[in-house]
Amino acid sequence: MPVTIPAPNAYWSRPSEAVLADLSATPAGLTAPEAARRLAADGPNSIAARDKATRLGTFIRQFRSSLVLILVFAAIVSAFVGDRNDALIIGTIILASCLLSFTQEWGASRTMEALTARISRKAVVLRDGVETQVSADTLVAGGVIRLSAGSLIPVDGLVLDAADLNVSEAALTGETYPVVKTPGLSAPDAPIARRDNVVFAGTSVRSGTATVLAVGTGARTEFATIAASLARRAPETDFARGIRRFGYLMTEITLVIVILVLSANLLLHRPLIDSLLFSLALAVGLTPELLPAIISVTLAQGARNMAASGVIVRRLDAIENLGSVNLLCTDKTGTVTEGVVRLDRCLDPAGNDSADVRSWAMLNAAHQAGMPNPLDEAIVAVGTVPEGWEKTAELPYDFQRKRLSVALRHPDQGDLLICKGAFQNVLDACSRVLEAGQDVPLDDARTRAITERMQGWSGEGFRVLGVAIRHLAADEKAQEADLTFAGFLLFLDPAKAGMTETLQALHDRGIAVKIVTGDNRYVAAHLARSVGLRADSILTGDDLSRMTKAALFARAPGTDLFAEIDPNQKERIIEALRGRGHVVGYMGDGINDAPALHEADVGISVDGAVDVAREAADMILLKQDLGVLARGIDDGRRTFANTMKYISITTSANFGNMISMAFASLMLPFLPLLAPQILLNNLLSSLPSLAIAHDRVDPESIAKPPRWNIGSIRRFMIYFGLVSSFFDFLTFGFLLLVMNAGADLFRTGWFVESLLTQLSIVLVVRTHKPFWQSRPSRLLAVLTGTVALIAIALPYSPLAAWFGFVPLPLPVLAGLLAITSAYLVVSELTKRFYFAQEDRRAAREGDAP
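Residues numbered from 1 in each chain as written. Predicted model: local features only at pLDDT ≥ 70, side-chain atom pairs only at ≥ 80, totals over all residues. Heavy atoms only, no water.

1. Thoughts on the nonpolar core
Generally speaking, soluble globular proteins have nonpolar side chains that are buried together.
So, step 1. Residues L506, M619, L626, L629 and F751 are the most contacted members of the largest nonpolar core, which totals 104 residues.
So, step 2. Per-element tally for this core: the top contributor is helix α23 (residues 626–667), with 13 residues.
So, step 3. Not counting chain neighbours up to four residues away, the residues in contact with L506 comprise L328, I511, V513, L626, A630 and I633.
So, step 4. Counting 25 residues, the second-largest nonpolar core is a separate cluster that includes L343, I379, W389 and V406. (Core = buried A, V, L, I, M, F, W, Y, C linked by side-chain atoms within 4.5 Å. Buried < 20%, exposed > 50% of the residue type's maximum accessible area, 1.4 Å probe, protein only. Helix = DSSP H or I, 4+ residues; strand = E, 2+ residues; numbered from the N terminus. Contact = heavy atoms within 4.5 Å.)

Below is the structure:
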């Protein structure tokens, strides 16, 4: 039985001891066996049970196509009123096609489950009083959970203990500003926004730490109640939109042709069942029925390759978008720089080494209770924290003040407020400055001198923080006002080795890099110049705050460096860049990066990022390295290129052959191919496509960001469809006029020629180069060659009679091989002409790379 407390009990209005008793829990947490028992009873901590794929469900899904279902129905009717042999053959081919799709989709789903498991969300819980990290899905009511800044809260829970806990509840209540959470009681009828002693699933910790008792999990959370009434879908990617439009295009063409062919055959008084089966088989031939499976396999293969390169994909659709990225926005720390911050110097206001400034900085860093950060870790690492001090209050860091202050008490030295933070923000809170150990007024001259020193060190690449102090009376409230400026902290985080080459590699791929950082403009500009980026176009947070939306749209594309940026301004920058037609990738790992990650075409985070950033990202880098990202972009482009190959194959010889067949059925006194022959042709021609996901991709195809262009696909279809149809009619003439073929010989000859041309075009359209200069993958070459041999051998095999084939005389076979060779040559010439035209069109439209 579930052990969660029903909502009417209003647990937020009851003492924590009573709630713990109701849940049979203790502040030390559950035992592992008890947690397992509750998990089995209550189910996983997820809003809805995941639709985990099963073999049977995946197999049945292959028959969802209306065309397949209609064809099955027609085959059943044929078995009763027509030829049972044909019905059996049609059913066998349909089953074989669906089995092919099933094996591909099932393999792809297994791959993605394995990859997703590598980045599952974790939570820190108490088990028998010991902190343990577990999967967030396994949390149960009665468990005791630790939260810290950046945590995505996984349950509804009662706050047992908290230190400066600020929670962002925008996802639940729409409240923009963080809400302070403390232990205590709330009114029984308090709405969600007024329950100050409760945290809710789906919200996130902005600052502070807390110990929380899990009360509601999974579908029994407030977030699940709201989510159940909303249909949430990820935004459609450009590639997914293009695939959908391509599907509409093919559906429209198929419907028109099939209706016309069926009507015409009935007007010619041909048998209803034969005409219906022929028309439906024609529809199957026109429809790229393997496209969903091919896309799934190609994306899964791309995800597997990217995982090997250190990029875990959370949303498959984003792979093609990653390949299309032409602009990457990133912070500098840990991405462009080493990310290992070192405290280089502690200086007084005059620029001299100061042991006092070092001690004050260490006390501030050691006693702050917010999110661990590299700067504080670097400060504490330089020595031993002075003893005897007790913290009495804390003003936690936030992104508006950009300062952190702690009030400390010492038995001999009294009360002291120590403030540390961004230089200008600390200086703004000061009215005095230390000179030779004495407090003196901070006048304009002293302010200029202090600022010039900071600018000089920043220009040398140091990150400069300010330190200020204030002696407090015993009962005085801690506040950041009338502080005394005490000195500077100089940190060094050098650029990564080889970063210049990495950025050049991205540039060579058609990707511009823009740095978006909260650091001051001088540090950012020095870093940019050191790695080969332009630093003459800088936009600061103050500049941005005064700009209208239209002004930012105009200015952002030409800006290379965004410095002193507040986290809530990042989303505006990404929006402006996307609004100018760029495909934008954003790389972030912080608490406030989630909106920008959502806004970007591709959100990229790192494995060590805070929960909210990881959950907002489309991809997770296992290593915070732009070199890893560059390899991931290459994999994304290969995935895009291989998916487009199948579309090109479908819209060339395959499409042309089906069109030719439709017209031939109206002109010939017999059907040009029987329904089983069409389906067999379609099945065999699809086999090489299964190797597309593993095919080689030319370096030229991944050199620049690809873009989906439905107009280009239409033109491709017309060019190559016309070439294919021309050679089909040439084959008709050869068989009818030269070889005087009857119905069976005609069908056999055209089946062979049609299949050979569809196989030949695979080798031609898979590359922009002359096909003999680009080797296909071994699997693609073997499958193509094997199916070609089957096509030639089938009329001579024992199975020929089953499908209505007859042996081909040697002159007929030789003529068909000659026509296929000529088709291969003309298709190669057509390809060159087509791509030359497309390049000129792109240049005219300003889309050339």
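2. Examining helix α20 (residues 567–579)
So, step 1. Those residues of α20 that sit buried are P567, Q569, K570, I573, I574, A576 and L577. Seen along its axis, α20 keeps its buried residues to an arc of 160°; they face one direction.
So, step 2. Phi turns positive, to about 90°, at G581, one or two residues after α20. (Arc of directions from axis to C-beta.)

3. Quick look at the sheet that holds strand β18 (residues 512–516)
The strands making up a sheet associate through backbone hydrogen bonding, with each pair oriented either parallel or antiparallel.
So, step 1. Taken together, eight strands build an open sheet; the order of strands is β8-β23-β22-β21-β9-β18-β20-β19 and the sheet is mixed. Sheet topology places β8 (311–313) and β19 (538–540) at the edges, where each strand pairs with a single neighbour. With strand direction ignored, the average angle separating the axes of adjacent strands in the sheet is 20°. (Pairing = 2+ DSSP bridges. Axes fitted to C-alpha atoms, helices over the stretch in contact; angles between N-to-C directions.)

4. Quick word on the packing of aromatic side chains
Aromatic ring pairs are defined here through the distance separating the ring centres and the angle between the ring planes.
So, step 1. Evaluated as defined, the whole model comprises 20 aromatic pairs.
So, step 2. Aromatic side chains Y719 and Y834 sit 5.5 Å apart centroid to centroid with 70° between the ring planes, which places their arrangement in the edge-to-face category. Of this pair, Y719 sits in helix α25 (residues 710–738) while Y834 sits in helix α29 (residues 810–845), and the two are 115 residues apart along the sequence.
So, step 3. The class for Y719 is partly exposed, based on a relative accessible area of 24%.
So, step 4. Grouping aromatic residues by their ring pairs yields a cluster made of F716, Y719, F720, F833, Y834 and F835. (Phe/Tyr/Trp six-rings, centres within 6.5 Å; stacked < 30°, edge-to-face > 60°.)

5. Some thoughts on the pattern of salt bridges
So, step 1. Evaluation of the coordinates by the stated rule reveals 31 salt bridges.
So, step 2. Put simply, R446 and E435 hold a salt bridge, and the shortest N to O gap is 2.7 Å. With R446 in helix α15 (residues 444–459) and E435 in strand β14 (residues 430–435), this residue pair connects regions lying 11 residues apart in the sequence.
So, step 3. The exposure class of E435 is partly exposed, given its relative accessible area of 36%.
So, step 4. For D443, the salt bridge goes to R446, with nearest N and O atoms at 3.0 Å.
So, step 5. Connected through salt bridges with shared partners, the residues E34, R37 and R38 form a single ionic network. (Salt bridge = Lys/Arg side-chain N within 4 Å of Asp/Glu carboxyl O.)

6. Some remarks on the packing of helix α24 (residues 675–686) against helix α26 (residues 743–765)
So, step 1. Between α24 and α26, whose axes approach to 10 Å, the crossing angle comes to 20°. Our classification of the angle between α24 and α26 gives roughly parallel. Note that α24 runs across α26; the crossing there is right-handed. Residues Q677, L680, N681, L684 and S685 of α24 touch α26, and the partners they reach there are R747, F751, S754, L755 and Q758. (Parallel < 35°, antiparallel > 145°, perpendicular 65-115°, else oblique. Left-handed = near helix turned anticlockwise from the far one by under 90°.)

7. Quick word on a nonpolar patch on the surface
So, step 1. Together, F663, L666, M667 and F729 make up an exposed nonpolar region whose accessible area comes to about 400 Å².
So, step 2. Looking at which element gives the most residues to the nonpolar patch, the answer is α23, with three residues.
So, step 3. Tracing the backbone through its elements, the reader meets L666 in helix α23.
So, step 4. By relative accessible area, which is 36% here, L666 ends up partly exposed. (Patch = residues over 30% accessible without salt bridge, like charges linked within 9 Å, V, L, I, M, F, W, Y side chains within 5 Å. Areas by Shrake-Rupley, 256 points an atom, 1.4 Å probe, with all protein chains shown as cover.)

8. Thoughts on the packing of α26 against helix α27 (residues 778–793)
So, step 1. Two elements in contact, α26 and α27, have axes whose closest approach is 9 Å; the angle formed by their N-to-C orientations is 170°. The angle between the axes of α26 and α27 places the two elements in the roughly antiparallel class. Side by side, α26 and α27 meet where V752, L755, L756, L759 and V762 of the first sit next to L780, T784, V787, A788, A791 and I792 of the second.
So, step 2. Within the contact of α26 with α27, the residues separate by chemical class into 10 nonpolar, one polar and no charged. (Nonpolar A, V, L, I, M, F, W, Y, C, P; charged D, E, K, R; others polar.)

By themselves, these figures tell us nothing about what the structure is for.
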